[in-house]
Amino acid sequence: MATLIVPPVLSSPRDDAMQLYKAFKGFGCDKKAVINILAHRDATQRALIQQEYRAMYSEELTKRLAKELSGNLEKVVLLWMHDPAGRDAILVRWALSAGTIDLRAATEVICSRTPSQILHFKQLYHSMNGIYLEHDIELHASGDHKKLLLAFVSTMRYEGTEVDRATVDYDAKALFKAGEKKLGTDEKTFIRIFSERSRAHLAAVSATYHSMYGRELKKAVKNETSGHFEFALLTILQCAENPAKYFAKELHRAMKGLGTNDTTLIRIVVTRTEIDMQYIKAEYQKKHKKSLNDAVHSETSGDYRTFLLSLLGPGH
């Protein structure tokens, strides 16, 4: 469910390319014009604008944007120019590149994606970087976290809604036995179930776990594991149950307290705008009694703020 506002007058990619070229001309860049065009075009339109721009001006639009913009505005616009799979490949590569290792960011992107999204961005990851995603995970992650990520990116899970009750009960018992019931934790069982089962199945396991043991599976994960491994398991579980709620929580986390984690803010807004932003906004409002738009408005400023708010769409 996208929140993109389609422009009142349908413009052609060619018109858009010409308008952008005009915005770059002269002294300083007309950022308002750039935002007005790009923040209101979907992935297909953005790809066509880039093609037209290249054909007309023998220059890459993204290179030009990088020259004309700076700071967070540059970051958010350049990330937005890609299609979802290309963007995920870029984000994970950034997070797993020497100098900027951000295992939390890489884990969030990987563990919140569906198997088909992972398959698609893995292919792009390889063609863009000449290196396999698994290789970078091997290099930078460790322990159970590494084992889980490797299993998660290489397993094609079922994406439908049907679940097998018997297997659900079996998994709920296995997780209880592997965690809360014993001293220490059998991480292998957690890795196997969390990496092999579909979202619908895991959500059912979570509900069954609660009705069997009167405890939340999420709490069990928190008690039994820690660090990046814990974060990965929680991301998988929460995205199986309610991805929008998960992202609303991560957005709140990025903006609470002193200062804002702009990297996280940009990553989540840009990657979810064309997927489930309406639901994320609803979850945010429900939990914090404040709209996501208001939160972003108070944590950001200038053209960067304008661009993010344009992606988020109308306030209520």
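Up top is the structure.
Residues numbered from 1 in each chain as written. Predicted model: local features only at pLDDT ≥ 70, side-chain atom pairs only at ≥ 80, totals over all residues. Heavy atoms only, no water.

Student: Whenever I open this one, the packing of aromatic side chains confuses me. Can you help?
Tutor: Any pair of aromatic rings gets described here by the distance separating the centres and the angle formed by the planes. Inspection of every chain in the model, using the stated rule, returns nine aromatic pairs. Ring geometry for F176 against Y209: centres 6.2 Å apart, planes inclined by 65 degrees, an arrangement best described as edge-to-face. You can see F176 sitting in helix α11 (residues 165-178) and its partner Y209 sitting in helix α13 (residues 199-213), a full 33 residues away along the chain. We note that F176, like Y209, is buried. When the centroid spacing of 6.1 Å and the interplanar angle of 35 degrees are considered together, the rings of F190 and F194 count as tilted. With F190 and F194 both in helix α12 (residues 187-196), this residue pair falls four residues apart, about one helical turn. (Phe/Tyr/Trp six-rings, centres within 6.5 Å; stacked < 30°, edge-to-face > 60°. Helix = DSSP H or I, 4+ residues; strand = E, 2+ residues; numbered from the N terminus. Buried < 20%, exposed > 50% of the residue type's maximum accessible area, 1.4 Å probe, protein only.)

Student: How do you make sense of the pattern of salt bridges when you look at a structure like this?
Tutor: Tallying each qualifying case throughout the model produces 21 salt bridges. Between D171 and R197 there is a salt bridge; the shortest N-O distance is 2.5 Å. Placement of the pair is D171 in helix α11 and R197 in the loop between α12 and α13, with a sequence separation of 26 residues. Judged by its relative accessible area of 0%, D171 is buried. Judged by relative accessible area, which is 18%, R197 ranks as buried. Its salt-bridge partner being R215, residue E180 comes within 3.1 Å of it at the nearest N-O pair. Of this pair, E180 sits in the loop between α11 and α12 while R215 sits in the loop between α13 and α14 (217-224), and the two are 35 residues apart along the sequence. Within this structure, E59, R64, K67 and E68 form a network of salt bridges that share partners. (Salt bridge = Lys/Arg side-chain N within 4 Å of Asp/Glu carboxyl O.)

None of the figures reported here should be taken as evidence of function without further support.
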